[in-house]
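# Notes for the structure review
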Amino acid sequence: AIRSHLLSLPCNVFPDMDALKAQHPGVSLDALVSICSQESARRIKANHGRHVRGIEAHAKRYLAGEDVFDVADQIDFPPCQLMRLLLEHLLS
């Protein structure tokens, strides 16, 4: 139940830990934070290859003046990771 809730959120939205704690009183806050971190890392790893393959399109949008945060929101990928991919692509 915790994992499905986390997966339903966009990557730029942090879960409401108070609400999660209320829904799962037997799980410590430290455990909930750990679960959230693991799911975030799993999601980034799972989608990384797709964004590496699509970096040309992302770079065109960025070079056309679109804000990296807007691009990241639309593709549901963390902006810092997207910027790293963009820099690698544009500087190579």
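Computed from a prediction, not measured in an experiment: that's the story for all the values here.

Taken together, the buried positions of helix H4 (residues 55-63) are Ile55, His58 and Ala59. One side of H4 holds all its buried residues, which, seen down the axis, span an arc of 100 degrees. In the core, the buried residues of H4 are packed alongside helix H3 (29-53), helix H5 (68-75) and helix H6 (79-91). Once H4 finishes, Gly65 follows within two positions and takes phi at roughly 105 degrees, a positive value.

Turning our attention to the nonpolar core. Core analysis: the largest hydrophobic core is formed by 10 residues, namely Ile55, Ala59, Val68, Val71, Ala72, Ile75, Phe77, Leu82, Leu85 and Leu86. If we ignore the near neighbours within four places in the chain, the residues touching Leu86 are Ile55, His58, Ala59, Tyr62 and Val68. Core analysis: the second largest hydrophobic core is formed by six residues, Ile2, Met17, Leu20 and Leu32 among them.

This part takes up unusual backbone geometry. Phi at Asp76 takes a positive value of approximately 55 degrees, unusual for a residue other than glycine. By secondary structure assignment, the location of Asp76 is in the loop between H5 and H6. Overall, the relative accessible area of 28% leaves Asp76 in the partly exposed class.

Together, Tyr62, Leu63, Leu87, Leu90 and Leu91 make up an exposed nonpolar region whose accessible area comes to about 500 Å². Of all elements in the fold, only H4 and H6 reach the threshold of two or more residues within the nonpolar patch. The biggest single contributor to the nonpolar patch is H6, with three residues.

Once that is clear, we can look at the pattern of salt bridges. This structure, assessed with the given rule, holds five salt bridges. Arg3 is the partner of Glu39 in a salt bridge, and the nearest nitrogen-oxygen pair spans 3.0 Å. With a gap of 36 residues between them, Glu39 in helix H3 and Arg3 in helix H1 (residues 2-7) connect regions that are remote in the sequence. Note that Arg42 is salt-bridged to Glu39, the shortest N-O span being 2.5 Å.

Attention now goes to the packing of H3 against H6. Packing of H3 against H6 brings their axes to within 11 Å, and their N-to-C directions diverge by 35 degrees. The crossing of H3 and H6 is right-handed. Within the contact between the two elements, H3 uses Ile44, His48, His51 and Val52 and H6 uses Gln81, Arg84 and Leu85. Taken together, the residues of the contact of H3 with H6 break down into three nonpolar, three polar and one charged.

Cut-offs and rules
- Residues numbered from 1 in each chain as written.
- Predicted model: local features only at pLDDT ≥ 70, side-chain atom pairs only at ≥ 80, totals over all residues.
- Heavy atoms only, no water.
- Buried < 20%, exposed > 50% of the residue type's maximum accessible area, 1.4 Å probe, protein only.
- Helix = DSSP H or I, 4+ residues; strand = E, 2+ residues; numbered from the N terminus.
- Arc of directions from axis to C-beta.
- Contact = heavy atoms within 4.5 Å.
- Core = buried A, V, L, I, M, F, W, Y, C linked by side-chain atoms within 4.5 Å.
- Patch = residues over 30% accessible without salt bridge, like charges linked within 9 Å, V, L, I, M, F, W, Y side chains within 5 Å.
- Areas by Shrake-Rupley, 256 points an atom, 1.4 Å probe, with all protein chains shown as cover.
- Salt bridge = Lys/Arg side-chain N within 4 Å of Asp/Glu carboxyl O.
- Axes fitted to C-alpha atoms, helices over the stretch in contact; angles between N-to-C directions.
- Left-handed = near helix turned anticlockwise from the far one by under 90°.
- Nonpolar A, V, L, I, M, F, W, Y, C, P; charged D, E, K, R; others polar.

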